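# Report on the structure
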Amino acid sequence: MKKTIPFKLSKKGLLLLSIAAASAVAQETPQTNSNGDPEEVIEVKGYRGSLLNSTNAKRDSNGFSDEVFADDIGKMPSLNLAESLARIPGVKINREVSGEGQQISVRGLGPGFTKIVLNGNSMSVASTGSLDAGNSDRQVDLDLFPTELFSSLSVAKTATANQIEGGVSGYVNMRTARASEMGEGQHVRFSLDGAYKETQGDVSPKAAFTYSYSNDKFGALFTIVGKQAKTRVDGFEQDANFQNGCVAEWTEGTAGCVAGSTGWNNFQYTNIATADYAASHSGVNAGDMLDINQVSGLSDAQLDNMGMPRIARMMTMGGTKDSVSALLSFEYKPNEDMDLALDVIKADSDYKAERTEAMLIYRNNYLQYDLAWLPENIQTVDRGDGERIVSGTFYGARPWVGTRQYDEELSFLSIMPSFSWYVSDDFKVDISASRTESDFDRNEPYVLYFGPQGTVNFAYDNGSIVPTMDFSGDLSTASNDWSLVAGPGAEGDVQSMDLRFARGSRQNKTTGLHADFAWGADPTRNGILFGFASDKMESNSQGYSGTGYGDYILANQPNIASNFGQYLVDAKVTDLGKNIDGYQGLNGIVGLDWDKFKNDINYDGFEPEPSTGNQFGGSVGNIVEKVTAVYFEINTETEIVGRTLRTNSGLRYVDTQQDISTLNGSASTDYSRLLPSFSAVYDVTDDVKLRASASRSLTRANPSKMYPNTNWTSAGIETIDTGNPALAPFEATNFDFGGEYYFSDLGYVGLNFYQKDIVGFTRTESTLVQFADLVDWGVDITDLSSIQEEQLANCGGVNSDQCITNVSAAVNIKGMVKLTGIEAIWVQPLDFIVPGLGFNASANKISQDADEGTQITGISDSHNLTVYYENDAFQTRITYYHQDGADSGDIWGTPLFSRDRSQVDISASYVLPVATDYDLTVSFDAYNLTNEPISTYLENDSQTFRAYFPGATYNVGISGKF
C-alpha cells in the first residue's frame, strides 16, 4: 500500500483554493454611507500597514534604501529574517540545503560584501554557513534570529558617512523591538505554531511570548522564542568535475592500468566476468575473460578517456535543531531631553543530525580490492573537450557508503546600552556601546564502508535533474555482505579503514563605542551630523587533525574490521527520494549505530591535534581588527524652481589595524581610507521624486585568505604556499540615479539605475621573495628541516640575495569589475476594485563588464510578486519569488552554474470571532509549494552537480494578545 503525504497531491488545488478564498472574501458587500452610496473603507493594518510604513520610509529617505516593517510588532512578513528581505529589489537569498533562507546578498555580490549591523552597531555570528560548505568570511547567518525579536529591517544601497563601513554592496540594520512601540501600559503577545515538512513527515513546534510595559518614564520588554525544527533533505551530489579511467589487469600478481593508459586514471574497469554479469548473460561464467570493447561498446581510447563524475552519490540527511532566543529591552526617560536604553539578545541553538550517502560512482575502485567495474552498453556525448558518459551499466559494483553524525552548538550574546540627550533644541548627542559574543562548535565523525556487490544502472538522460543511479542489491538492510574494508586485497588490512575525524570551532567577539552628534533643529534635513566610532572585531577559528585517530580506534577496538557488522543498522529512511521529481534509485541506505560505535572506541577520549585547516579545507587562525573612524555630514534642504531639493554630503575617515596569527606565524597590517558620499533627492512634484547618489565604500578582505599558514611544497626552500596578511580591501565607486512616483499614500512605482566600479579582487599568484623577507609573510624561517638548512647554507645563508623562495598566495589584482543594474518596484493597492486588495512587485536586472580574470560569480537577475488581500478579520498573501541561475565559479576547471529557482509561498490568517479581547488569530502558511530544488550543474543543464529537494513546509499557528 502506497503511503500518502498530506497536501502532497493537492498543491495546485491548495494554491487555487487560496486564490478563490481571497476572491470570495473580497467580494463581500461593500460598506455604504448614510445615503446608501458605496463608501471606500481602507484600514491600514497588518501587511498593508507594513507596506505603508515601508512606503513612507522610502518617500522620506534621501538616498536609495528600502525598509521592511513588522506587520504587527513581533511578527515579520515571513518566518525568516533573510526571507523577509527577499521582496526588496536587488536582495538575493542564499539558502541552506534544507531550503531555509540563511544569508542575503545585495546587488549581485556575495553575502560577505553586505554589512549587517544590529541597532546600528557591529555584530558577528560565529556559525559557518551551510552544512555542505564552510565560510570563514564576513557573512552573517540570519537563521539564528527569530523574527519576533525585531521591529524593522532596513537595507541601504547607497553609503552615507555615518554608516559603519564594510559593505561594498549594501548596509542592513536590524532594529530590535522596544516597549514604547507597543503602546503605554502592559501588553502580552503569544503564539504557538506547528510546521509540517513534507520530507520529514513530522511536526516542528514553535512558541513565542512577549511581555511589555511602558509609561512616560519607563519601558521594559521581554520576548522569548523556543523552537524545535525537525529537518530532512534528500539529494544528489557530485564532488568534482568529470575525470577518466583505465582498463586494469593483473600482471605478476599485481593489478594496475594496462600499458599506455593516460589521464587521471581515477576509475578502473575490468574484462573479467563478475557474478552478477554471468547471472544475467547465458553461457557466461564468473571469471571468464571478456572482450571489454564489445561489452562496453567503446574503443580502447574511449575507455581510457571517457569522463565520469569523480564521485556521484545519493544522500539523505535529517535531524533536529533546538533553539531558544530571547530579547530583553529597557528604556528610561528621566526627563524630556534624555533617553537611556539597554537591549540584550541571547540566542542558542543545538543541532544534531545524521547524514548517509551511497556513492555508486567513485574514484579509486581498484581491481586488487575487487572493486573494478565491468562496463556494458556505455553511451557517451562529445562536449568538445572529450567524451562524457550519458548512460551505462556497471557490473561488479560495490557501493561505497558513508555516514556522518553532526553535533553542532551555536551561541550568541549581544549587550547594547545607548544614551540620547537633547542638550538644547539644536544639539543632540547619541552614545552607544556594544558587545557581542558568539561561539560555534561542530563535531562530525565520518565512517565509510562497502555494501554488497551488484549492478549499477546510471543515466543522465532520464528527464530528471537527478541522474538514475539504481542498484540491483538491497542497500537498506544490514547483512554479512557489508564490510569496513574493501575486497580480498584488503582483507586484514585495517590500515585501509576509512574512519575520519572532523571537528572545528570558532569564537567571534565585537566591541564598539559610537558617539554621534547632531546640530540643527531638524539636522537630517538642515544641519550637521558628525561623530566617531571605535570598533574591535576578534575571530578565532580552530581546526583539528585526525592524525592518530585510526590507531586510537584500533587500540580500543582491535577487531573492529572483523566485527564491523555489529555497528550497522537498517536504513532509518526507507523512502529516500520520495520528494525528488522523476526520481529513480535507492529507497534507503544502511546506517551506523553511532552510540554503540562511539562508546566502543571511546570516541570522547580521543585528543586531536590542532591543525592549520578545518574540515572544509579552509585555513584557520586568529584575526583582530581595530577600526577607528570619524565622519562629518552636512544636510541641506533648499528650493529650486519652487521645488524642494535635499542633499547629504559626507566624508568618513577610517583606519584599520589587523593582527593575524596562526599556528605557523603572525603578521600585522594597517591602512586608512577616505570614503566620501553624496546623495540628493529633488521633488519634481509633490508625488514625483528624483534621486542621485555617489559614494566610495569598502569591504575588508576575507580573513581565511589572510592567515599566514605556510606549507612548504618542496623538500628544500624553493616553494611555499601561504596566506597574505597584506591583502587590501575591496573598494567600490558607486553611482545611483532613479526616482519614484507616489500615486497614493500606499502606492508608488520606482525605477533605479546603479553602477559599481569595484577593485581589489584576489587571485593566487607566485612571487619571488628573498628568504630573509619571508618573515613579512608570517613564515618562521628558523623552523627548517635538515635538507632546508643545508640548501640555505649552499645558497649563501639567510641574508644572501641568492636564496630565493617562490611564494604562492592570494594577491590583489589590478583588474576592475563594472556592475550595472536596474531595479524596479511597484506597490499597487487595488481598493478601487475591492477594498483591501493589492499587490507589490519588484525586479532587479544586473550585468557586469569585467577585466580578464576578475569575473564576479553569483550575479543573477531576480523578480518577485506578492498579491494580498485583507479586511478586519482575514488576510492572505501569495508570493512568487524567482531567481535566475548564475555563474558559480568552477570545480577543478569545469564551469559551475546554479539553476533558476522559483518559489511560491502562501500566508493566510483569520481573527476568530470569539474572545475578541484577546485578538485570537489562526494562521496558515505554506512555503515552497512547488518543491523547488536547490541545485547546481556543470557546463550544461544535463550534468547536475548538486541537487537538494527540501520539499514544501506547512505551518499552522494561533496567536493572541491582551
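Counting restarts for each chain, with residues numbered from 1 along the sequence as it is written. Given that this is a predicted model, residues contribute local features only at a pLDDT of at least 70 and side-chain atom pairs are listed and counted only at 80 or more, while totals for whole chains, interfaces and linings are drawn from all residues. Only hydrogens and water are removed before side-chain values are computed, so all heavy atoms of the structure are retained for them.

### Quick notes on the overall build of the chain
Counting from the N terminus, the helices are DSSP H or I runs at least four residues long and the strands are E runs at least two residues long. The helix and strand tally for the chain stands at nine helices and 51 strands. Atoms counted for the radius of gyration: C-alpha only. Globule rule: 2.2 Å times the number of residues to the power 0.38. Taking 2.2 N^0.38 as the reference for a compact globule, 962 residues should give roughly 30 Å; the C-alpha atoms of the chain span a radius of gyration of 31 Å, in line with that estimate. Each principal axis of the C-alpha distribution contributes one length, and for the chain these read about 100 × 80 × 55 Å. Partitioning the contacts of the chain with sequence separation of at least 6, the portion at a separation of at least 24 is 72%. Using the Shrake-Rupley algorithm and a 1.4 Å probe, accessible areas are obtained, with residue cover drawn only from the displayed protein chains. When the accessible surface of the chain is split by element, carbon and sulfur atoms take 52% of a total near 39300 Å². Computed over 71 positive and 125 negative side-chain charges, the inter-centroid distance for the chain is 4 Å. A contact between two residues is defined here by any heavy atoms of the two lying within 4.5 Å. Counted as positive: Lys and Arg. Counted as negative: Asp and Glu. His and the chain ends are not counted at all. For this purpose, a charge sits on NZ of Lys, CZ of Arg, CG of Asp or CD of Glu.

### A closer look at helix H2 (residues 46-60)
Within an α-helix, residues lying three or four positions from one another point in the same direction, as the helix has 3.6 residues per turn. Each helix should span, by expectation, one fewer than its residue count multiplied by 1.5 Å. With 15 residues, H2 ought to run about 21 Å at 1.5 Å a step, and its terminal C-alpha atoms sit 21 Å apart, in line with that. The cut-offs for exposure are 20% and 50% of the maximum accessible area for each residue type, with area from a 1.4 Å probe on protein chains only; residues under the lower value are buried, those over the upper are exposed, and the others partly exposed. The set of residues buried in H2 consists of Gly46, Tyr47, Arg48, Gly49, Ser50, Leu51, Leu52, Ser54, Thr55 and Lys58.

### A closer look at the sheet that holds strand S4 (residues 114-118)
In a beta sheet, neighbouring strands pair by backbone hydrogen bonds and run either parallel or antiparallel. In this analysis, strands are considered paired if DSSP registers two or more bridges between them. If you trace the five strands from one edge of the open sheet to the other, you get S1-S6-S7-S4-S5, paired in mixed fashion. Both edges of this open sheet fall to strand S1 (65-69) and strand S5 (121-122), since each of them pairs with a single strand only. Relative to S5, S4 runs antiparallel, the two being bridged by two bridges. Bridged to Val117 within S5 is Ser122.

### What to know about the pairing of strand S2 (residues 91-95)
Within S2, four of the five residues are buried, leaving the element largely enclosed by the surrounding structure. Bridge count for S2 against strand S3 (residues 101-106) is five bridges, and the pairing is antiparallel. Bridge assignment links Arg95 to a residue of S3, and that residue is Gly101. Taking the residues that link successive antiparallel strands as the turn, the S2-S3 hairpin has five residues, and the phi of Gly99 there is positive, at about 95 degrees.

### What about a nonpolar patch on the surface?
Patches were defined on residues exceeding 30% relative accessible area and lacking a salt bridge, with like-charge contacts within 9 Å and nonpolar side-chain contacts (Val, Leu, Ile, Met, Phe, Trp, Tyr) within 5 Å. Just to be clear on terms, a salt bridge is a Lys or Arg side-chain nitrogen sitting within 4 Å of an Asp or Glu carboxyl oxygen. Taken together, the side chains of Phe209, Tyr211, Phe218, Phe222, Ile224, Val324, Leu328, Phe330, Tyr332 and Leu340 present a nonpolar region at the surface, about 800 Å² in accessible area. The biggest single contributor to the nonpolar patch is strand S16 (residues 311-335), with four residues. Among the structural elements, Phe330 can be located in strand S16. Its relative accessible area of 32% is what places Phe330 among the partly exposed residues.

### Focus on the state of the cysteines
Note on terminology: disulfide denotes any pair of cysteine sulfur atoms within 2.5 Å. As enumerated under the stated definition, the model contains two disulfides in all. The residue that forms a disulfide with Cys795 is Cys803, at a sulfur-sulfur distance of 1.8 Å. Across the disulfide from Cys795 to Cys803, rotation about the S-S bond amounts to roughly 110 degrees, and the bridge is consequently right-handed. The exposure class of Cys795 is buried, given its relative accessible area of 18%. Judged by its relative accessible area of 1%, Cys803 falls in the buried class. When the cysteines of the chain that form disulfides are numbered from the N-terminus onward, they connect as 1-2, 3-4.

### Side note on the side chain of His514
Residue placement: His514 occurs in strand S26 (residues 503-522). A 3.5 Å cut-off defines polar contacts: any pair of N or O atoms within that distance qualifies, except that in protein one atom must be a possible hydrogen donor and the other a possible acceptor, and neighbouring residues in sequence count only when both atoms are side-chain atoms. A distance of 2.9 Å separates polar atoms of two side chains, one belonging to His514 and the other to Asp535. Beyond its immediate stretch of four places on either side in the chain, His514 contacts Gly120, Asn121, Ile164, Asp430, Ile431, Ser432, Phe532, Ala533, Ser534 and Asp535.

### Comments concerning the pairing of strand S10 (residues 218-238)
For S10, a buried count of 15 out of 21 residues is recorded, marking the element as mostly surrounded by other parts of the structure. Where strand S9 (residues 202-214) and S10 come together, nine bridges link them in antiparallel fashion. When the bridges of S10 are listed, Lys206 appears paired with Lys227. Between S9 and S10, which pair antiparallel and follow one another directly, the connecting turn spans three residues. Inspection of the sheet shows S10 paired to S16 by 21 bridges, in the antiparallel sense. Bridge pairing in S16 links Asp234 to Thr316. Taken together, the four bridges between S10 and strand S50 (residues 944-949) define a ladder with antiparallel strand orientation. The residue of S50 that forms the bridge with Glu237 is Arg946.

### Structural notes on the pattern of salt bridges
Counted by the stated rule, this structure contains 44 salt bridges. Salt bridges linked by common partners bring Lys58, Asp66, Arg107, Lys157, Asp736 and Glu823 together as one network.

### Quick notes on empty space enclosed by the protein
Here a cavity means grid points, on a 1 Å grid over the protein atoms only, where a 1.4 Å probe fits yet cannot get out; a pocket means an open set of points with protein on both sides within 12 Å along at least five of seven lines; lining residues are those with an atom within 4 Å of a point. Grid points are joined across faces, edges and corners, and a volume is the space filled by probe spheres set on the points. Applying the stated criterion across every chain, the model contains eight cavities of 30 Å³ or more. Roughly 410 Å³ of internal volume is contained in the second largest cavity. The wall of the second largest cavity is formed by 26 residues, among which Lys115, Met123, Arg138, Met537 and Glu625 lie closest to the centre. At the level of elements, S4, S26, strand S27 (526-545) and strand S31 (622-640) are the ones that each hand at least two residues to the lining of the second largest cavity. Ranked by residues supplied to the lining of the second largest cavity, first place goes to S27 with four residues. In terms of residue class, the lining of the second largest cavity is made up of eight nonpolar, nine polar and nine charged. Lys, Arg, Asp and Glu make up the charged group, whereas Ala, Val, Leu, Ile, Met, Phe, Trp, Tyr, Cys and Pro make up the nonpolar group; the residues left over, Gly among them, are polar.

### Examining the sheet that holds strand S24 (residues 468-471)
With respect to topology, four strands assemble into an open sheet ordered S18-S19-S23-S24, the strand pairing being antiparallel. Each edge of the sheet is formed by a strand with only one pairing partner; in this case those strands are strand S18 (374-382) and S24. Across the sheet, the mean angle from the axis of one strand to that of its neighbour is 10 degrees, orientation sign disregarded. Alignment of strand S19 (residues 387-397) against strand S23 (residues 454-459), held across five bridges, turns out to be antiparallel. Within S23, the position partnered with Ser391 by the bridge is Ala459. Here the axes come from fitting lines to C-alpha atoms, over the contacting stretch only for helices, and the angles between their N-to-C directions go from 0 to 180 degrees.

### Details of the nonpolar core
By convention a nonpolar core is built from buried Ala, Val, Leu, Ile, Met, Phe, Trp, Tyr and Cys residues, the set being connected through side-chain atoms within 4.5 Å. By size, the foremost hydrophobic cluster in this structure holds 64 residues, and its most contacted members are Phe394 and Phe597. What Phe597 contacts, discounting residues up to four positions off in sequence, is Val447, Leu499, Tyr549, Ile560, Tyr567 and Leu592. Grouped together as the second largest cluster of nonpolar side chains are 36 residues, Leu81, Leu85, Val125 and Ala126 included.

### Here's the deal with the environment of Met315
In this fold, Met315 is placed in strand S16. Put simply, Met315 and Leu774 are 459 residues apart on the chain and 45 Å apart in space, counted from C-alpha to C-alpha. Once residues within four sequence positions are removed from consideration, Met315 is found in contact with Val233, Asp234, Gly235, Glu237, Arg355, Thr356, Glu357, Leu576 and Tyr948.

### Regarding the side chain of Asp683
The topology assignment puts Asp683 in strand S33 (residues 666-683). Residue contacts for Asp683: discarding those within four places in its chain leaves Arg643, Thr644, Val688 and Lys689.

### Regarding the packing of aromatic side chains
For Phe, Tyr and Trp, where Trp contributes only its six-membered ring, two rings pair if their centres lie within 6.5 Å, and the inter-plane angle classes them as stacked under 30 degrees, edge-to-face over 60, or tilted in between. In total, this model carries 35 aromatic pairs according to the counting rule given. An angle of 85 degrees between the planes, with centres 6.2 Å apart, marks the rings of Phe145 and Phe150 as edge-to-face. Phe150 carries the same exposure label as Phe145, and that label is buried. Taking 6.5 Å as the distance between ring centres and 40 degrees as the angle between the ring planes, the aromatic pair formed by Tyr869 and Phe874 counts as tilted. Tyr869 gets classed as buried once you look at its relative accessible area, which sits at 4%.

### Digging into the confidence of the model for the chain
For every residue, the predictor states its confidence as a pLDDT score lying anywhere from 0 to 100. In this model, the chain carries an average pLDDT of 87, and 91% of its residues clear a pLDDT of 70 or more. Predicted confidence is poor over residues 1-9, with pLDDT under 50, and the contacts of this stretch with residues over four places away or in other chains come to 10 contacts. Taken together, the stretch residues 16-43 has pLDDT below 50 and engages in 29 contacts with residues farther than four places along the chain or on a different chain.

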